[in-house]
Amino acid sequence: MLNIILCGAPGSGKGTQSDFIVQKYGLDHLSTGDVLRAEIKSGSELGKEIESLIAQGQLVPDHKMIHLIDHYLETRSENCKGIIFDGFPRTVEQAEALTLLLERRHMEAVMIDLFVEEDEVIKRLLERGRTSGRADDNFETIKQRLKIYHDVTKPVCQYYLKKHNYFAINGNNTMEDTFAQIDTILRLIQK
Ligand code: AP5
Ligand code: MG
C-alpha cells in the first residue's frame with residue numbers, strides 16, 4: 001500500500017495536490033479538515049464542540065483526532081490501494097499514535113512536506129476566502145493557523161525525518177509543477 005502524509009502550511013496546496021494524486025494513483029483521500037467541517041455542517045455533538053475551535057484557528061484535541069483516524073482505518077474499504085492523510089498528523093502526539101495505528105495493521109506512511117513562502121500562502125487563502133465560506137479564511141485566523149503550524153506541526157516533520165520517511169518539495173510554483181515533483185517521489189517509492 002502507498003500511504004502518504006501530505007504536510008504543509010495552511011494554503012500550501014495539500015487538498016489541491018491530493019486531487020492530482022487521487023486522479024493518477026487512485027488512492028483514498030482523507031482530509032481531516034473536510035471531515036471536521038462536515039461534522040459541523042451535520043450539527044453533530046462533535047461538530048458543536050469543535051466549531052469555535054476551527055473558526056479561531058485552534059487545533060481540535062488530539063484524542064478526538066486519533067479516535068477519528070482509528071475509526072477511519074477500521075472501516076476503510078478492502079480495495080483501498082493506499083491513503084493520503086491530508087492534515088493529519090498535526091502534533092507529535094498524533095504522529096506517534098498514527099505510527100501505532102498503522103503498525104497494528106502492518107502498514108506505514110511516508111511524509112511529503114510542501115514548502116511554500118508565507119506571503120504566498122496568505123495570498124492564496126485570502127483569495128480563496130472571497131468564495132470559500134470557510135470560517136477560518138480571514139486574515140486574523142490565517143495568522144493564528146500559521147502560528148500553530150510553525151509551533152506545533154513543524155516538529156512532526158522532524159519526527160518523520162528521523163524515521164527516514166520524509167520528502168520535502170517546493171510548492172511555490174504552479175500546481176502542475178508541484179505535482180510533477182510529487183509524482184517523481186511516488187514513482188520512486190512505489191518501486
Ligand atoms: P484544514 O482543512 O486541513 O486546513 P489547513 O491545513 O489550514 O489547509 P487548507 O485546507 O486551508 O489548505 P491546503 O493546504 O489544503 O491548500 P489548498 O489545496 O486548499 O484544517 C482546518 C482546521 O481543522 C484546522 O485549523 C484545525 O482547526 C482543524 N484540524 C484539521 N486537522 C486537524 C488535526 N489533525 N488535528 C487537530 N485539528 C485539525 O489550496 C489553497 C488555495 O490555494 C486554493 O484556493 C487553491 O486553489 C490554491 N492553490 C493551491 N495550489 C496552488 C498553486 N500552486 N498556485 C496557486 N494557487 C494554488
Ligand atoms: Mg485543505
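Up top you'll find the structure we're talking about.
So, here is what we can say about the structure in this document.

Reading guide: rules and limits
Numbering of residues starts from 1 in every chain and runs along the sequence as written. In the order they appear in the text, chains get letters beginning with A and ligands get numbers beginning with 1. Residues qualify for local features only when their pLDDT is at least 70, as the model is predicted, and side-chain atom pairs are given and counted only at 80 or more; totals for whole chains, interfaces and linings, by contrast, use all residues. Neither water nor hydrogens contribute to the side-chain values; these are computed over all heavy atoms in the structure. What is meant by a nonpolar core is a set of buried Ala, Val, Leu, Ile, Met, Phe, Trp, Tyr and Cys residues, joined one to another through side-chain atoms within 4.5 Å. Partly exposed describes any residue whose relative accessible area lies between the buried limit of under 20% and the exposed limit of over 50%, with all areas from a 1.4 Å probe on protein chains only and scaled to the type maximum. Helix numbering and strand numbering both begin at the N terminus, where a helix is a DSSP run of H or I of at least 4 residues and a strand a DSSP run of E of at least 2. For this analysis, residues touch if any pair of their heavy atoms sits within 4.5 Å. Whenever two N or O atoms come within 3.5 Å, that pair is a polar contact, provided that in protein one can donate a hydrogen and the other can accept it, and provided that, for residues adjacent in sequence, both atoms are side-chain atoms. When we say a residue is near a molecule or strand, we mean one of its heavy atoms is within 4 Å of it. In these tables, accessible area is a Shrake-Rupley quantity obtained with a 1.4 Å probe, and a residue counts as shielded only by the protein chains included in the view. Note on aromatic pairs: the rings of Phe, Tyr and Trp (six-membered ring only in Trp) are paired at centre separations within 6.5 Å, and the planes decide the class, stacked below 30 degrees, edge-to-face beyond 60, tilted for the rest.

Ranked by size, the top nonpolar core spans 38 residues in total, and within it Ile69, Leu73, Ile83, Phe85, Leu98, Met111 and Tyr160 carry the most contacts. Elements that contribute at least two residues to this core include exactly strand E1 (4–8), helix H3 (45–55), helix H4 (62–75), strand E3 (83–86), helix H5 (92–103), helix H6 (118–129) and helix H7 (139–162). Here the element with the most residues in this core is H7; it accounts for seven residues. Not counting residues within four places of it along the chain, the set of residues in contact with Tyr160 comprises Ile5, Pro89, Ala95, Leu98, Ala109, Met111, Asn165 and Tyr166. Counting 14 residues, the second largest nonpolar core, distinct from the first, contains Leu2, Ile4, Leu6 and Leu114.

Within the fold, Asp137 resides in the loop between H6 and H7. A polar contact is formed between the side chain of Asp137 and the side chain of Ser132, at a distance of 2.9 Å. Each residue touching Asp137, except ones within four places of it in the same chain, is listed here: Leu125, Arg128, Gly129, Ser132, Ile142 and Arg145.

Before going further, it helps to examine the site of ligand 1. For ligand 1, the set of nearby residues contains 30 residues, the closest of which are Thr16, Gln58, Arg90, Arg128 and Arg145. Arg90 is positioned with one of its side-chain polar atoms (N or O) 2.5 Å from an oxygen atom of ligand 1. Relative to its unbound accessible surface of 1,000 Å², ligand 1 loses 88% to contact with the protein. Contributions of two or more residues to the shell around ligand 1 are made by helix H1 (14–25), helix H2 (32–42) and H6. The element contributing the most residues to the shell around ligand 1 is H2, with four residues.

Each aromatic ring pair is characterised by the separation of its centres together with the angle its planes make. Throughout the structure, instances matching the rule amount to two aromatic pairs. Ring centres of Phe20 and Phe179 lie 5.3 Å apart, and the angle between their planes is 20 degrees; on these two criteria the pair is classed as stacked. A residue pair is termed long-range when its members are at least 10 positions apart, and Phe20 in helix H1 and Phe179 in helix H8 (residues 175–190) qualify at 159 residues. The exposure class of Phe20 is partly exposed, given its relative accessible area of 22%. The interplanar angle of 80 degrees and the centroid separation of 5.0 Å between the aromatic rings of Tyr159 and Tyr160 together place this pair among those described as edge-to-face.

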